[in-house]
Amino acid sequence: MMITLPPALDRIVRDKVNAGLYASESELVCEALRREFARDTVQGWVRAQAAEGFAQLDAGESEGISREEFMARLAQRRASGAWGFPSSPSRTSRSSTITPWATGAKNRL
């Protein structure tokens, strides 16, 4: 498969590979897609939870939950791998590759 990126994105991809954050352009694109799919899955779960909550409110059945409890439940769901994605990225690339999550980099794709 071949893809064409706009010059600005192409430069970002090459810079990250040249910096050693990824072993190849392909690895970076795969990681970006994995993150996108994981984000979509999380958003779907949040939307479903919100819809259920709104339906309960409309029916007069409400159970209060604090932000902290919601975030704890979300973290537990993520850690359990319930969305079909590992709780932490796997390192499939060569061992000399430094990945953004390992370095704490703020500029993640």
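Now for a look at the structure at hand. Source: prediction; values computed, not measured.

## Concerning helix H1 (residues 7-18)
Item 1. The end-to-end C-alpha distance of H1, which contains twelve residues, comes to 16 Å, matching closely the 16 Å that a straight helix rising 1.5 Å per residue would cover.
Item 2. Taken together, the buried positions of H1 are occupied by Val-13, Lys-16 and Val-17. Considered in projection along H1, the buried side chains sweep an arc of 100° and stay on one side of the axis. In H1, the exposed positions that point more than 90 degrees away from the buried face belong to Pro-7 and Asn-18.
Item 3. Looking one or two residues beyond H1, the residue adopting positive phi is Gly-20, at roughly 85°.

## Focus: helix H3 (residues 67-79)
Item 1. Helix length check: H3, at 13 residues, gives a terminal C-alpha distance of 18 Å against a target of 18 Å (1.5 Å per residue), a fit within 8%.
Item 2. Of the residues flanking the end of H3, it is Gly-81, one or two places downstream, whose phi is positive at about 75°.

## Considering a nonpolar patch on the surface
Item 1. Among the surface-exposed residues, Met-1, Ile-3, Leu-5, Leu-9 and Ile-12 lie close enough to one another that they form a single nonpolar patch of about 540 Å² accessible area.
Item 2. Looking at the secondary structure, you find Leu-5 in the segment before H1.

## What to know about the packing of helix H2 (residues 25-58) against H3
Item 1. It is at 12 Å that the axes of H2 and H3 come closest, and there the two elements cross at 140°. Considered as vectors, H2 and H3 are oriented oblique to each other. By crossing handedness, the relation of H2 to H3 is classed as right-handed. Contact with H2, carried on its side by Val-42, Trp-45 and Val-46, involves Phe-70, Leu-74, Arg-77 and Arg-78 of H3 and no other residues of that element.
Item 2. Residue classes in the contact of H2 with H3 are distributed as five nonpolar, no polar and two charged.

## A closer look at the packing of aromatic side chains
Any pair of aromatic rings gets described here by the distance separating the centres and the angle formed by the planes.
Item 1. Tallying each qualifying case throughout the model produces one aromatic pair.
Item 2. Look at Trp-45 and Phe-70: their rings are 6.0 Å apart centre to centre, the planes differ by 25°, and that puts the pair in the stacked class. With a gap of 25 residues between them, Trp-45 in helix H2 and Phe-70 in helix H3 connect regions that are remote in the sequence.
Item 3. A relative accessible area of 13% places Trp-45 in the buried class.

What counts, and at which threshold
- Residues numbered from 1 in each chain as written.
- Predicted model: local features only at pLDDT ≥ 70, side-chain atom pairs only at ≥ 80, totals over all residues.
- Heavy atoms only, no water.
- Helix = DSSP H or I, 4+ residues; strand = E, 2+ residues; numbered from the N terminus.
- Expected span 1.5 Å × (residues − 1).
- Buried < 20%, exposed > 50% of the residue type's maximum accessible area, 1.4 Å probe, protein only.
- Arc of directions from axis to C-beta.
- Patch = residues over 30% accessible without salt bridge, like charges linked within 9 Å, V, L, I, M, F, W, Y side chains within 5 Å.
- Areas by Shrake-Rupley, 256 points an atom, 1.4 Å probe, with all protein chains shown as cover.
- Salt bridge = Lys/Arg side-chain N within 4 Å of Asp/Glu carboxyl O.
- Axes fitted to C-alpha atoms, helices over the stretch in contact; angles between N-to-C directions.
- Parallel < 35°, antiparallel > 145°, perpendicular 65-115°, else oblique.
- Left-handed = near helix turned anticlockwise from the far one by under 90°.
- Contact = heavy atoms within 4.5 Å.
- Nonpolar A, V, L, I, M, F, W, Y, C, P; charged D, E, K, R; others polar.
- Phe/Tyr/Trp six-rings, centres within 6.5 Å; stacked < 30°, edge-to-face > 60°.

Any functional reading would require information beyond the geometric quantities listed.
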